[in-house]
Amino acid sequence: MDVLGTARRAVIGGSPLPAVALCLASAVVLTVAQARVPTGLLLEAGTPGGDALWPVAVRSALRLLMFTSAAVVLTWRARAVRAETPVWRWFARTAWVAAASAAVAGVADCLTVAGPLAGTGGGGALLAVGVLAACVPMYQGVIRWNRHGTLLAEPGDWLNGLGSLFALTALGALLLPVVGSPVAQWPLWQEQLWLLRLAAETTLLGTAATVLHLGGLRRDARTWALTASLAATVAVELAGVLDPAAAAGNGPLSETGWTLLVVTLAVAAVLRAAPPLARPVTTAAPTAGAFVVLLACVAVLVAAGLSTGALADTAIRTAALAAGIGAVSVSIRGVRLIRLLADLVVHRREALTDDLTGLANRRALHQRLRGDFDAGRELTLLTVDLDGFKQVNDRFGHSVGDELLRRAAAVLRTAAGPHGFSARLGGDEFAVVLPTPSPEAARAVVDTLTRATSRPVVIDGRRLLVRGSIGIAGSRDARDPEQLLALADAAMYRAKAAGGAGAAVHDADATRAAADRALLVEELKTVLGHPDAADGIDPGRLDVHYQPQVGGDGRVVGVEALVRWRHPRCGLLTPDAFLPLVEEYGLVPALTDVVLRQAAGQAVRWRAAGWDLRLSVNLSAVCLTRPALVALVDDVLTATGLPPQRLVLEVTETSIMADAVSSVARLTELSARGVDISIDDYGTGYSSLAYLRDLPAVELKLDRSLVADVGVDRRADDIVAGTVALAHRLGLRVVAEGVETPEVLHALRALGCDETQGYLHARPLPAPELERWLARQLEEQGAHVPAG
């Protein structure tokens, strides 16, 4: 039962098994009949109109039925199953050619027995020609089995097969007289037909055996069966070398070879393919085979040239002619191979070369670095990034930029020297590999580059500099090429951050700092819920702290929300530690969303508990330029229930300058909803009075730089007094930041400042601590403390 189940799984579903059975049955009957009485004997013994006509006709019909049913199966395989379709299409053509020749040969045999062609033996000759013709599509099918998925034949395969065919024919023509074969006594056309058929079948056998190895098909039983059946076919043909009856097709096993071959193909067509081994196809083995054939042809030609006496006859000339044809065929294959190799060299060079500069490209650099690391060679890597290249492209166009890159490549190639390796990594970034273990030794190359780039180059009448920032790293500090590139890049970015047009050598501290910075960015993305956040990172959490704003009567009227990052490794981080990264990586909108929602929710909870505090939240320039800001504020107010009048959005004049028209329009839209707008850090930046006129602000916050010297410097007092007076004339309340001493507080109140904020009152506090601070303030003032 297990055997039957295995057989069913091996057979392709929907296979034409009746046709396979018909092919097999007719082959068995034909083989048995041929073994008992060869067809040739029937033709010799039969007389016109005699008893031999019926058995000859039956055998011809069986032969035709066998080939035709096999052709039907193979055609079905080529059309119904997509896998290996080209292979089976050629095998189907083989069977149809054999069927056609069997039909013609059968008619000729019947006519021979019936009388019209008596004594000609034309059926055997026609069948031999048909078999030879069938070898051509058979060869095409076999070589396509060796194509690992593409199933395409190389043009050179035709030349290899043709050369092998004529080489074997020439060798046979030379050897037949030597071994005393009766075939050598046949007419020349009949002898050559027999030799060509034997050579074609031998070529098929060698090709099939090669496919087993090159095609990774050693686990596929179908290819083993095909090779075995071809071996049997060749063995049957070779049996006729000394047996004239077998050579003429009159032996008991004369038709066994092709009968076995066609049955094997029919059965293999309905079997599932075994997966090939992971062995890529190369041209090495076919090329080696071509040279073997060429040597054989040359050997035959030499032997023919040296032959004298009995051998120096028509057979020798025929062998020499066949060897010459074979030699020409494989020579053409060799010429083609040389052309392919030349093209391959060119394509390989192009694949490893940057088209614009002629330097090696990134792929070639990785190959060079990998080779050095594998060989244990120490080296130093320089990465060079051109400073201000984008501005050159933007101002003067890409043609000028391309020429600048070519000039830079020439400078690098010269500076690297004969032992250096220069490459373009892409864009305006280059690399130089130096065969020295010391990064300090690379300083000589850096000095050469600096001198070479100190003089401007003239491109289209424009004077341009090709200066760059250089990063230097040694292979001793890296475990592989990728890490070495990363170290050199990190050093190059440090050089660029220092002002550019300089060099920086990798050091472990800087690398660790860069790695810590990269990790901090990933943690930021995670804590803000960024789509690009990495998994498996504990980022801690973002907290909002609140700093009270105190009115002139000492009452707390509002709080400013200030974000803090409670980091699992670094502790509590203030905005100075992470805001630059937030801005650099475009995370400002996400941070604003988190702070605004958390602070608004807390303000609502305070209102419910009896603490009615105005809430101030900072907005960055990035937020002001985003149309989604208004929708975000609307959503927060709706979700939390915070009245718009209790929300103050603080903006700086510098942030407004990023896009003044859009910023003013957006702030005006928010003000129309009842949200208060505050001008933060007044006294720094532009301090343009025009914005006091144009902005829909209700509050002006004096920067700590204006507040610090109040009460000490008369001019500071005058500036604050004038600013307060101007703000009041415009209907703005004035809040002073950075109040740290009682003297400054009294001076500010004396100058008319409405509210104050600073460490004198309280540092920014978490919500629970702020509530306790507020309770103490109310108790000191004798006021009622809310029960919440």
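We now turn to the structure provided with this report. Everything quoted here is computed from the prediction, not taken from an experiment.

1. Examining helix H14 (residues 362–375)
- Under the 1.5 Å per step criterion, the end-to-end length of H14 is 20 Å for 14 residues, consistent within 8% with the ideal 20 Å.
- Among the residues of H14, Ala 364, Leu 365, Leu 369, Asp 372 and Phe 373 are the ones counted as buried.
- In the core, the buried residues of H14 are packed alongside strand E2 (421–426), strand E3 (429–434) and helix H18 (481–497).
- Phi turns positive, to about 75 degrees, at Gly 376, one or two residues after H14.

2. Quick word on the pattern of salt bridges
- Taken as a whole and assessed by the stated rule, the structure comprises 32 salt bridges.
- Linking Arg 368 and Asp 372 is a salt bridge whose minimum nitrogen-to-oxygen distance equals 2.9 Å. With Arg 368 and Asp 372 both in helix H14, this residue pair falls four residues apart, about one helical turn.
- Residue classification places Arg 368 among the partly exposed positions, given a relative accessible area of 25%.
- The class of Asp 372 is buried, set by a relative accessible area of 5%.
- When the shortest N-O distance is used, the salt bridge between Arg 476 and Glu 378 registers 3.2 Å. Taken as a pair, Arg 476 in the loop between strand E6 (468–474) and H18 and Glu 378 in the loop between H14 and strand E1 (380–386) lie far apart in primary sequence, 98 residues in all.
- Using a relative accessible area of 57% as the deciding quantity, one classes Arg 476 as exposed.

3. Comments concerning empty space enclosed by the protein
- Inspection of the entire model under this criterion finds one cavity of 30 Å³ or more.
- Here the largest cavity defines a volume of roughly 40 Å³.
- Around the largest cavity, the lining residues are Phe 67, Leu 74, Thr 94, Ala 95, Ala 98, Trp 258, Leu 261, Val 262 and Leu 265.
- Ranked by residue count, the leading element in the lining of the largest cavity is helix H11 (residues 256–269), at four residues.
- In the lining of the largest cavity, the residues fall into eight nonpolar, one polar and no charged.

4. Topic: a nonpolar patch on the surface
- Together, Leu 24, Val 28 and Val 32 give the surface a local cluster of nonpolar side chains, amounting to about 250 Å² of exposed area.
- Relative to the assigned elements, Val 28 resides in helix H2 (residues 17–36).

5. Some remarks on the packing of helix H4 (residues 53–80) against helix H5 (residues 85–114)
- Axis separation between H4 and H5 bottoms out at 8 Å; the angle between their running directions is 165 degrees. Relative to H5, H4 is oriented roughly antiparallel. For the element pair H4 and H5, the recorded crossing hand is left-handed.
- Along the lines of polarity and charge, the residues of the contact of H4 with H5 split into 21 nonpolar, five polar and four charged.

6. Things to note about the layout of surface pockets
- Estimated volume of the largest pocket: approximately 1,100 Å³.
- For the lining of the largest pocket, the class distribution of residues is 14 nonpolar, 11 polar and 12 charged.

7. Topic: unusual backbone geometry
- Its identity is not glycine, yet Asp 681 carries a phi of approximately 55 degrees, on the positive side.
- Exposure remark for Asp 681: the relative accessible area of 26% places this residue in the partly exposed category.

Reading guide: rules and limits
Residues numbered from 1 in each chain as written. Predicted model: local features only at pLDDT ≥ 70, side-chain atom pairs only at ≥ 80, totals over all residues. Heavy atoms only, no water. Helix = DSSP H or I, 4+ residues; strand = E, 2+ residues; numbered from the N terminus. Expected span 1.5 Å × (residues − 1). Buried < 20%, exposed > 50% of the residue type's maximum accessible area, 1.4 Å probe, protein only. Contact = heavy atoms within 4.5 Å. Salt bridge = Lys/Arg side-chain N within 4 Å of Asp/Glu carboxyl O. 1 Å grid on protein atoms, 1.4 Å probe; cavity = no way out; pocket = protein on both sides within 12 Å on 5 of 7 lines; lining within 4 Å. Points joined across faces, edges and corners; volume = space filled by probe spheres on them. Nonpolar A, V, L, I, M, F, W, Y, C, P; charged D, E, K, R; others polar. Patch = residues over 30% accessible without salt bridge, like charges linked within 9 Å, V, L, I, M, F, W, Y side chains within 5 Å. Areas by Shrake-Rupley, 256 points an atom, 1.4 Å probe, with all protein chains shown as cover. Axes fitted to C-alpha atoms, helices over the stretch in contact; angles between N-to-C directions. Parallel < 35°, antiparallel > 145°, perpendicular 65-115°, else oblique. Left-handed = near helix turned anticlockwise from the far one by under 90°.

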